[in-house]
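This is what each chain is made of:
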Amino acid sequence: EKGAEWQKALHLLAVMGQAVLEPNTIMYNSAISTCAKGVDWQKALYLAAAMGQVVLESSTITCSSAISACEKGAQWQKALHIVTAMGEAVLLPNTITFNSAISACEKRAEWQ
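What counts and how
Residues numbered from 1 in each chain as written. Predicted model: local features only at pLDDT ≥ 70, side-chain atom pairs only at ≥ 80, totals over all residues. Heavy atoms only, no water. pLDDT = per-residue confidence, 0-100. Helix = DSSP H or I, 4+ residues; strand = E, 2+ residues; numbered from the N terminus. Axes fitted to C-alpha atoms, helices over the stretch in contact; angles between N-to-C directions. Parallel < 35°, antiparallel > 145°, perpendicular 65-115°, else oblique. Left-handed = near helix turned anticlockwise from the far one by under 90°. Contact = heavy atoms within 4.5 Å. Polar contact = N/O pair within 3.5 Å; in protein donor to acceptor, adjacent residues only side chain to side chain. Salt bridge = Lys/Arg side-chain N within 4 Å of Asp/Glu carboxyl O. Buried < 20%, exposed > 50% of the residue type's maximum accessible area, 1.4 Å probe, protein only.

### Brief notes about the confidence of the model for the protein chain
Next up, step 1: Across the protein chain, the average pLDDT comes to 83, with 88% of residues at or above 70.
Next up, step 2: Predicted confidence in the protein chain is weakest over helix α1 (residues 6–18), with a mean pLDDT of 74, and strongest over helix α4 (residues 60–72), with 91.

Structure follows, in structure tokens:
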């Protein structure tokens, strides 16, 4: 799950859709996390949104990984939007979720 390997992770996810294997929430979460580590917040958010199109439910891990990607991409407003959306989707944020969101705000001096 190294940050430099995010392109390979996305390729594997795409290939799975063409094979007998069906991508699942865990596979998407891994790809989102890899994009976050590779500082590609846009692809991470795209994958999180794409989960709904393939009828997979997001999890707290999904949202935390997407927030982490936003943090690394200095997208504090998107990070806070995800936290808000979690409440609407009845997903419970955890310590990792809040820490990533707080860090995103802190990096952009939007902590007040």
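### What to know about the packing of α4 against helix α6 (residues 95–107)
Next up, step 1: It is at 9 Å that the axes of α4 and α6 come closest, and there the two elements cross at 15°. By the criterion of interaxial angle, the relationship of α4 to α6 is roughly parallel. At the point where α4 passes α6, the crossing takes the left-handed sense. Taking contact as the criterion, the partners of T60, S64, I67, S68 and E71 in α4 are, on α6, I96, T97, S100, A101, S103, A104 and K107.

### Topic: the environment of N29
Next up, step 1: Here N29 lies in helix α2 (residues 25–37).
Next up, step 2: When neighbours within four sequence positions are excluded, N29 is seen to be in contact with M51, S59, I61, T62 and S65.
Next up, step 3: Among the polar contacts listed, one links the side chain of N29 to the side chain of T62, at a separation of 2.4 Å.

### Observations concerning the pattern of salt bridges
Close approach of charged atoms lets side chains of opposite charge pair.
Next up, step 1: Applying the stated criterion to the full structure yields one salt bridge.
Next up, step 2: As a salt-bridge pair, K43 and D40 come within 3.4 Å of each other at their nearest N and O atoms.
Next up, step 3: For D40, a relative accessible area of 13% corresponds to the buried category.

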